[in-house]
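Notes for the structure review
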Amino acid sequence: MIHALISGLTSNVGPDVWHQIFDFADYGELLGLVRNSLIAGAVLGLVGGLVSTFVMMRDLPFAVHGVSELSFAGAAAALLLGIGVVGGAMVGSILAALIIGTLGSRARDRNSIIGVLMPFGLGLGVLFLALYQGRSANKFGLLTGQIVAIDTPQLRWLIITAVVVVAGLLVLWRPLAFASTDPELAAARGVPVGLLSPIFMLLLGLAVAISIQIIGALLVLSVICTPAAAAMRVTASPRKVPLLSMAFGFVSVVGGILLALGSSVPISPYVTTISFLIYLVCRTIGAWRSSHGWSRARVRAIPAAVGVGEA
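Residues numbered from 1 in each chain as written. Predicted model: local features only at pLDDT ≥ 70, side-chain atom pairs only at ≥ 80, totals over all residues. Heavy atoms only, no water.

Assigned secondary structure in the chain consists of 16 helices and zero strands. Here the chain holds 311 residues, and 50% of them are scored as buried. Accessible surface, the chain as shown: approximately 14800 Å² in total, 69% of it carbon and sulfur. (Helix = DSSP H or I, 4+ residues; strand = E, 2+ residues; numbered from the N terminus. Buried < 20%, exposed > 50% of the residue type's maximum accessible area, 1.4 Å probe, protein only. Areas by Shrake-Rupley, 256 points an atom, 1.4 Å probe, with all protein chains shown as cover.)

And the structure:
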């Protein structure tokens, strides 16, 4: 029975389907057309990997999804109005990030707010796309990303935004890491925990906004969650986790662009597949190490935050 099922699937997936998924004809010529996308993908992979470290430490994957829905609504509104899609995505992301960061200081409140914002943002985005009368590829690209969607002005803004996010994280690294690991102790030590939450959510919103144009609104988690989740399976070092996470993010996005270059399939399935495979490999390595007596404690950022050393 299983053999018959596999045979049926194989017969239905003909050579034309595989040709749409993997097609490397004229690959060298096509490579020159996506120079901006490759640069943007490299920047996004590094920034997303860095941000995902704190997303996992602060248990915010659900918040990333909530921010991405309002970012999608902002981008769809900008598309309808004929203005910059990146700017619209940033407005939506920043608005969602500030609402979640300001009102959702506790996990229960935060999840409730996100649960309200997500369907509202998605509904607005669908409404704006339904009213948009332009190319259908532009609509679809907001959800699943576009490989040739980045022009020079957009690339410039993406790099500027990425620099702002990285600079903000570097300035706040130690107190933010301390507050992310043990907020009660951090507050007792004088760390402004209440102020750090909306500031980090603002940086997260900017990171999500620059992700929309490449990876799309629906699959942002593969860039701003999975890299750190994979890194934390193989190390507990507060220094190695962000480095590995950035490397995984870079490989996922740039590798996805390179694989999607010759196909007619959107970029997001390639990025998410690479990201997922990296996570599976890291999880397998972590399980093997645990079975052989290697202990992998939860990532501890307090020693790094107070300058003691690695855990």
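Past the structure itself, the notes keep going.
Moving on: the packing of aromatic side chains. All told, the structure shown has two aromatic pairs when counted by the stated rule. Between the aromatic rings of Phe54 and Trp173, the centroid separation amounts to 4.8 Å while the plane-to-plane angle is 75°, which identifies the pairing as edge-to-face. On the criterion of sequence distance, the pair formed by Phe54 in helix α4 (residues 35-57) and Trp173 in helix α9 (residues 152-181) is long-range, its members being 119 residues apart. These aromatic residues form a ring-pair network of at least three members: Phe54, Trp173 and Phe200. (Phe/Tyr/Trp six-rings, centres within 6.5 Å; stacked < 30°, edge-to-face > 60°.)

Residues Val51, Leu169, Phe200, Leu204 and Ile224 are the most contacted members of the largest nonpolar core, which totals 88 residues. If you tally residues by element for this core, the top one is helix α11 (residues 193-215), at 13 residues. If we skip the residues at most four places from it in the chain, Leu204 touches Val51, Val55, Val64 and Ile224. (Core = buried A, V, L, I, M, F, W, Y, C linked by side-chain atoms within 4.5 Å. Contact = heavy atoms within 4.5 Å.)

Another aspect to go through is the environment of Ala247. Looking at the element boundaries, Ala247 is found in helix α14 (residues 240-260). Residue Ala247 is classed as partly exposed on the basis of its relative accessible area of 36%. Counting along the chain gives 201 residues from Ala247 to Leu46, while the straight-line C-alpha distance between them is 6.9 Å.

Here the focus is a nonpolar patch on the surface. A cluster of nonpolar side chains, Leu122, Val126, Leu218 and Leu219, forms an exposed patch at the surface whose accessible area comes to about 290 Å². Among the structural elements, Leu218 can be located in the loop between α11 and α12 (221-224). Exposure remark for Leu218: the relative accessible area of 39% places this residue in the partly exposed category. (Patch = residues over 30% accessible without salt bridge, like charges linked within 9 Å, V, L, I, M, F, W, Y side chains within 5 Å. Salt bridge = Lys/Arg side-chain N within 4 Å of Asp/Glu carboxyl O.)

Residues with a pLDDT of 70 or more make up 78% of the chain, whose mean pLDDT is 79. The element-level mean pLDDT for the chain is lowest in helix α16 (residues 302-306), coming to 43, with helix α13 (residues 226-234) highest at 93. With pLDDT under 50 throughout, residues 1-6 is counted as low confidence; its partners more than four residues away or in other chains account for zero contacts. Residue range residues 297-311 is modelled with pLDDT below 50. Its contacts to residues more than four positions away, or to other chains, number 35 contacts. (pLDDT = per-residue confidence, 0-100.)

Our focus in this paragraph is the packing of α14 against helix α15 (residues 268-291). Helices that pack against each other are described as a pair by the angle of their axes relative to one another and the distance between those axes. Close contact between α14 and α15 brings their axes to 7 Å; oriented N to C, the two are set at 140°. Here α14 is positioned oblique relative to α15, judged by the angle of their axes. Read as a crossing pair, α14 and α15 show a hand that is right-handed. Counted together, Phe248, Val251, Ser252, Val253, Gly255, Gly256, Leu259 and Ala260 of α14 and Tyr270, Val271, Ile274, Ser275, Ile278 and Cys282 of α15 form the full contact between these two elements. (Axes fitted to C-alpha atoms, helices over the stretch in contact; angles between N-to-C directions. Parallel < 35°, antiparallel > 145°, perpendicular 65-115°, else oblique. Left-handed = near helix turned anticlockwise from the far one by under 90°.)

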